[in-house]
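Geometric and topological summary
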Amino acid sequence: MNNTTIHDLRMAVADEDDTYRTLLESTKAIPWKIDWETKKFSYIGPQIEKLLGWTQESWLTATDWIDRIHEADREKTANFCISQSIDGVDHEADYRALKADGSFVWVRDVVHVIRKNGETTELVGFMFDISERKKMENELLSLNHKLEVLALQDGLTGVANRRLFDQTLKTEWFRSQLEHQPLSLIVIDIDYFKQYNDHYGHIRGDECLIRVAHALNSIPLRSNDLFARYGGEEFVLLLPNADLNSAIEIAERFRATIQNLGIPHETSKAKDVVTVSVGVASATLASDSEPASLLAESDRMLYQAKELGRNRIASK
């Protein structure tokens, strides 16, 4: 609490003449005072009616204050303010206050505790409308969340990006070690994509990547599986707790899905439509192994699929 606010609170206790009361009631902050022994309001500013719709006369005791706190905030706020007041500690509390029309508004109570002979005798405070501040805070939180999502999302295709894949691979790798469960990885590469770009142009190339990504991402998977764009024309699918046979079944579904899109590819040596080559690897992990070993094995299988003629799957 800043010194000016504390000074204002103390002045409110020390000086209750008409001039000072007029000054208090001309501010947007709502002054109030409670007798600690009786828990009754000895004063609350008329501004309270404009903010919350409740008349000055309706604020009789601290119970009225507690009852007009949002149910989700009530217990925490009341317990905090009561404990601080008993200990003689000046404090602040943000909460949603109930308006007379049933809606809510965010407020901040700034409280100064008056004590005599070591005992709390009165509470003096100001209530502020902080709705706009809370709205801005929520908008900022929402923006930060969107930025976090974007940081883990491929800008072109909208699927997960390599950063998220790398993070997830490490997590699932160590989880598989602890649980002694298999971890499978599928690597997918669009066949002759450089030739596609050279022939159709980069705009069509980007459109092709988007169609491939969306088609693969729409294939039903488990909630803990992760499909991502690894880079360029390469995609990956991480399959925790999935053995090699399960991974091969999904890999074949991926391969067939892309071929069935029927995207023309006149310069492909594999087929006259866009196809993919797929490498699959799976392992029950040893304690001394590293995540890069699974990725390397999947890559090795991918290049084997290419050497065998592309538009096919190789696995180990």
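Presented here is a report on the structure given in the accompanying data block. None of the values given here were measured: they were computed from a predicted structure.

1. Here's the deal with the overall build of the protein chain
- Across its full length, the protein chain carries 11 helices and 10 strands.
- With 316 residues in all, the protein chain has 43% of them scored as buried.

2. Some points on the pattern of salt bridges
- The final tally for this structure, using the stated rule, is 13 salt bridges.
- For Arg 162, the salt bridge goes to Asp 166, with nearest N and O atoms at 3.7 Å. Here the residue Arg 162 and the residue Asp 166 both occupy positions in helix H7 (residues 162-179), the gap between them amounting to 4 residues, near one helical turn.
- Taking relative accessible area as the criterion, Asp 166 reaches 29% and is therefore assigned partly exposed.
- Between Lys 306 and Asp 189 there is a salt bridge, with its nearest N and O atoms 3.1 Å apart. Here Lys 306, found in helix H11 (residues 291-307), pairs with Asp 189, found in strand E6 (residues 182-190); they are 117 residues apart in sequence, far enough to count as distant. Neither Lys 306 nor Asp 189 differs from the other in exposure class; each is buried.
- Each of Glu 297, Arg 300 and Lys 316 takes part in a single network of salt bridges with overlapping partners.

3. Remarks on a nonpolar patch on the surface
- Together, Leu 140, Leu 143 and Leu 147 line one region of the surface with nonpolar side chains, adding up to about 280 Å² of accessible area.
- Following the sequence through the fold, Leu 140 ends up in helix H6 (residues 131-151).

4. Thoughts on the sheet that holds strand E9 (residues 276-284)
- The strand order across the open sheet built from 5 strands is E7-E8-E6-E9-E10, with neighbouring strands paired in mixed fashion. Edge positions in the open sheet fall to strand E7 (226-231) and strand E10 (313-315), since each of these has one partner strand only. Taken pair by pair, the neighbouring strands of this sheet meet at an average axis angle of 20 degrees, ignoring direction.
- Taken together, the 3 bridges between E9 and E10 define a ladder with parallel strand orientation.

5. Quick look at helix H8 (residues 193-200)
- Along H8, the residues classified as buried are Phe 193, Tyr 196, Asn 197 and Tyr 200. Relative to the axis of H8, the buried residues are bounded by an arc of 95 degrees and lie together on one face. Counted as exposed and oriented over 90 degrees from the buried face of H8: Lys 194 and Asp 198.
- For H8, the elements touching its buried residues are E6 and helix H9 (202-217).
- Trailing H8 by a residue or two, Gly 201 shows a phi angle of about 95 degrees, which is positive.

6. Describing the environment of Thr 284
- Along the chain, Thr 284 falls in strand E9.
- When its relative accessible area of 54% is taken as the criterion, Thr 284 is described as exposed.
- If near-sequence neighbours (up to four positions away) are discounted, Thr 284 is found in contact with His 180, Gln 181 and Pro 182.

7. Quick notes on the sheet that holds strand E4 (residues 104-116)
- The 5 strands are arranged E2-E1-E5-E4-E3 in an open sheet whose pairing can be described as antiparallel. Both outer strands of the open sheet, strand E2 (40-44) and strand E3 (91-98), are each paired with one neighbouring strand and no more. Between one strand axis and the next, the sheet turns through 30 degrees on average, direction left out of account.
- Note that strand E1 (residues 30-35) and strand E5 (residues 119-129) share 6 bridges and pair antiparallel. Directly across from Ile 30, in E5, lies its bridge partner Met 127.

8. A short note on the pairing of E6
- For E6, the buried fraction is high: 9 of the 9 residues fall into the buried class.
- On E6, burial covers both faces: Pro 182, Ser 184, Ile 186, Ile 188 and Ile 190 on one face and Leu 183, Leu 185, Val 187 and Asp 189 on the other are all buried.
- As defined by bridge partners, E6 adjoins E9 across 9 bridges and the pair is classed as antiparallel. Following the sheet pairing, Ile 190 is matched in E9 by Val 276.

Basis of the calculations
- Residues numbered from 1 in each chain as written.
- Predicted model: local features only at pLDDT ≥ 70, side-chain atom pairs only at ≥ 80, totals over all residues.
- Heavy atoms only, no water.
- Helix = DSSP H or I, 4+ residues; strand = E, 2+ residues; numbered from the N terminus.
- Buried < 20%, exposed > 50% of the residue type's maximum accessible area, 1.4 Å probe, protein only.
- Salt bridge = Lys/Arg side-chain N within 4 Å of Asp/Glu carboxyl O.
- Patch = residues over 30% accessible without salt bridge, like charges linked within 9 Å, V, L, I, M, F, W, Y side chains within 5 Å.
- Areas by Shrake-Rupley, 256 points an atom, 1.4 Å probe, with all protein chains shown as cover.
- Pairing = 2+ DSSP bridges.
- Axes fitted to C-alpha atoms, helices over the stretch in contact; angles between N-to-C directions.
- Arc of directions from axis to C-beta.
- Contact = heavy atoms within 4.5 Å.

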